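Given next are the chains, with one letter for each unit.
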Amino acid sequence: MYDVVLLSLAEGSGDSCGSGDSGCGGCNAVCATPRTPVLACADALRKAGALVETVLAGSDQEIDAVLTRFDGPTRPDGLTWPDPDTKVRLVVATATDGQLRAVMRRLVRRYAPPPSKRPADLVAGRTVPDLPPVAILPLDPGNTEDLAAQLGLPRTPEAVAAAVMNGTVRRLDLLRNDGGSVTLDGALLGGSDDNGRAVPWRGRVEVDDAVLTDGAEPVLACAIGNGAGYAEFDGLRLLADGDPTDGRVEVAVAVPVVVKKLFKRTRVRVEVRRVRGRAVSVLPREGDLQFLDDGVAGSTSRKRSWWTEPGAWAVYAG
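What you are looking at is a predicted structure, and each value in this text was computed from that prediction instead of being measured.

Chemist: Help me understand the overall build of the chain in this model?
Modeler: Looking only at helices and strands, the chain has 5 helices and 18 strands in total. In summary, the chain has a C-alpha radius of gyration of 21 Å against a globular reference of 20 Å for 318 residues, a match within 12%. Based on the C-alpha atoms only, the size of the chain along its principal axes is roughly 75 × 45 × 35 Å. Considering the chain as a whole, with its 318 residues, one finds that 49% of them fall into the buried category. Sequence-distant contacts, at least 24 apart, represent 69% of the contacts inside the chain between residues at least 6 apart. Carbon together with sulfur atoms contributes 50% to the accessible area of the chain, which is approximately 14,400 Å² in total. Charge centroids of the chain, computed over 38 positive and 42 negative side chains, lie 5 Å from each other.

This is the structure we're talking about:
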């Protein structure tokens, strides 16, 4: 039978409020009582015969203490590697996609080998091994827009428990970025004003060898998608069909184009340019560029890059 760790992040911790590696986003809130879906899932798991432990983590260090349980045997090369035969299964209770990202970020930090120590058994085209699968327990089962809903995963505590015990795993692509984090769903670059209208910005956007914009023209928005959650902005369809299993990232930029017609008034239309590839880079040309990455707000004034890790992470799919 399996040992199951039911991991919740304390309110205000991890990426849920946009923090970096410090764990807490600044409010230092600590939730002392497990939430109702967590208790219901734990009861269902115990009823199915699992040994269950509930853990509330308020920092990266507390998340890491849970993840050590997935370490494999000592390797001759000294690398810390996940155990493919582990009998421990992980459930992450999430109020936001950013909380799930916080856990996946720590998994990557734990198991990604330094470039100078890349082992021969690492999958080609990847910088991380197969990460241990996780079950996602939504703390808002009625949400139809979170990552679990997009992936069609179980949403009730009882269904999540059944998926964990059943053990059917679905492997998914992961986006890593040079900011030291990961992206599970997608990112939207570009801000909006108080009325919700896009604020134009300039930057160079490249996908593999294709240049979507060179930074000379204004951009209304740039979407970087591993799923479908960032497909629309301000009522405009950006991404065509995000697929988290195809080994590619879909990128789109929305650019205003002035249309002039003889004897008619000049008008502006929005042109959406789309391309898929293995890696994307965005170089802002004018100060800080605002973005949302898996729902976590941030900004950057320097070049930021994302690249795909095909099949690197996995979920219990029912």
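Chemist: Please explain helix α2 (residues 60-67) as it appears in this structure.
Modeler: Residues three or four positions apart in an α-helix share a direction because the helix packs 3.6 residues into each turn. All of the buried residues along α2 are Asp60, Ile63, Asp64, Val66 and Leu67. Along α2, the residues classed as buried sweep out an arc of 155 degrees about the axis, all on the same side. Buried residues in α2 make contact with β1 (3-9), β2 (51-57), β3 (88-94) and α3 (97-111).

Chemist: Which parts of the structure should I look at to understand helix α5 (residues 157-166)?
Modeler: Within α5 the residues assigned to the buried category are Pro157, Val160, Ala161, Ala163, Val164 and Met165. Packing partners of the buried residues in α5 comprise β1, α1 (36-47), β3, β4 (134-138) and β18 (304-316). A positive backbone phi angle near 85 degrees is found at Gly167, which sits one or two residues after α5.

Chemist: Sorry, what's going on with the packing of α1 against α5 here?
Modeler: Think of two packed helices as two axes; the pair is described by the angle between the axes and how far apart they sit. The geometry of α1 relative to α5 is characterised by a closest axis approach of 8 Å and an angle of 45 degrees between their N-to-C directions. Classified by the angle their axes make, α1 and α5 are oblique. The two elements α1 and α5 cross, and the hand of that crossing is right-handed. Across from Pro37, Ala40, Cys41, Ala44 and Leu45 in α1, the residues of α5 making contact are Pro157, Glu158, Val160, Ala161, Val164 and Met165. Class assignment for the residues of the contact of α1 with α5 results in 10 nonpolar, no polar and 1 charged.

Chemist: Whenever I open this one, the nonpolar core confuses me. Can you help?
Modeler: In terms of nonpolar packing, the biggest core is built from 34 residues, with Leu90, Leu100, Met104 and Trp313 touching the most fellow members. Looking at which element gives the most residues to this core, the answer is α3, with 7 residues.

Chemist: Can you help me understand the sheet that holds strand β13 (residues 249-259) in this one?
Modeler: Pairing between sheet strands relies on hydrogen bonds along the backbone, with the strands arranged either parallel or antiparallel. Taken in spatial order, the 6 strands line up as β14-β13-β10-β7-β16-β17 in an open sheet, and their pairing is antiparallel. Of all the strands in the sheet, the pair left with one neighbour each is β14 (267-277) and β17 (296-300). Each neighbouring strand pair of the sheet contributes to a mean axis angle of 20 degrees, computed without reference to strand direction. Here strand β10 (residues 221-225) runs beside β13; their pairing, made up of 5 bridges, is antiparallel. Bridged to Ala223 within β13 is Ala252.

Chemist: What exactly am I supposed to notice about the confidence of the model for the chain here?
Modeler: Any region with low pLDDT has predicted coordinates that should not be read closely. Across the chain, pLDDT averages 89, with 92% of residues at or above 70. Of all secondary-structure elements in the chain, the lowest mean pLDDT belongs to strand β11 (residues 232-233), at 79, while strand β8 (residues 203-207) reaches the highest, 98. Between residues 16-33, whose pLDDT stays under 50, and residues either more than four places distant or in other chains, the model counts 40 contacts.

Cut-offs used in this document
- The written sequence of each chain sets the order in which its residues are numbered from 1.
- Predicted model: local features are reported for residues with pLDDT of at least 70 only, side-chain atom pairs are reported and counted for 80 or more only, and whole-chain, interface and lining totals are derived from all residues.
- Excluded from the side-chain calculations are hydrogens and water; all other atoms, namely the structure's heavy atoms, are used.
- Only DSSP runs of H or I covering at least 4 residues are called helices, and only runs of E covering at least 2 are called strands; the numbering of each starts at the N terminus.
- Within these notes, the globule rule equals 2.2 Å times the number of residues to the 0.38 power, and the radius of gyration is based on C-alpha atoms.
- The rule is simple: take the accessible area with a 1.4 Å probe, protein chains only, and divide by the maximum for that residue type; under 20% is buried, over 50% is exposed, in between is partly exposed.
- Whether two residues are in contact is decided by their heavy atoms: any pair within 4.5 Å suffices.
- To measure how exposed things are, a 1.4 Å probe is used in the Shrake-Rupley method; for residues, cover is taken only from the protein chains shown.
- Within this scheme the basic residues Lys and Arg register as positive and the acidic residues Asp and Glu register as negative, but His and the chain ends are omitted.
- Here the site of a charge means atom NZ of a Lys, CZ of an Arg, CG of an Asp or CD of a Glu.
- For this quantity, the arc is that covered by the directions from the helix axis to the C-beta atoms.
- Fitted lines through C-alpha atoms serve as axes, helices being fitted only where they are in contact, and the angles separating the N-to-C directions of these axes extend from 0 to 180 degrees.
- Here the angle decides the label: under 35 degrees means roughly parallel, over 145 means roughly antiparallel, 65 to 115 means roughly perpendicular, and every other value means oblique.
- Whether a crossing is left-handed or right-handed is set by the direction in which the near helix is turned from the far one by less than a right angle, anticlockwise for left-handed and clockwise for right-handed.
- Side-chain classes follow a simple rule in which Ala, Val, Leu, Ile, Met, Phe, Trp, Tyr, Cys and Pro form the nonpolar group, Asp, Glu, Lys and Arg form the charged group, and the remainder, Gly included, forms the polar group.
- Nonpolar cores were defined as sets of buried Ala, Val, Leu, Ile, Met, Phe, Trp, Tyr and Cys residues, with membership established by side-chain atoms within 4.5 Å.
- Any two strands are treated as partners once DSSP identifies two or more bridges connecting them.
- In predicted models, pLDDT denotes the confidence assigned by the predictor to each residue on a 0 to 100 scale.

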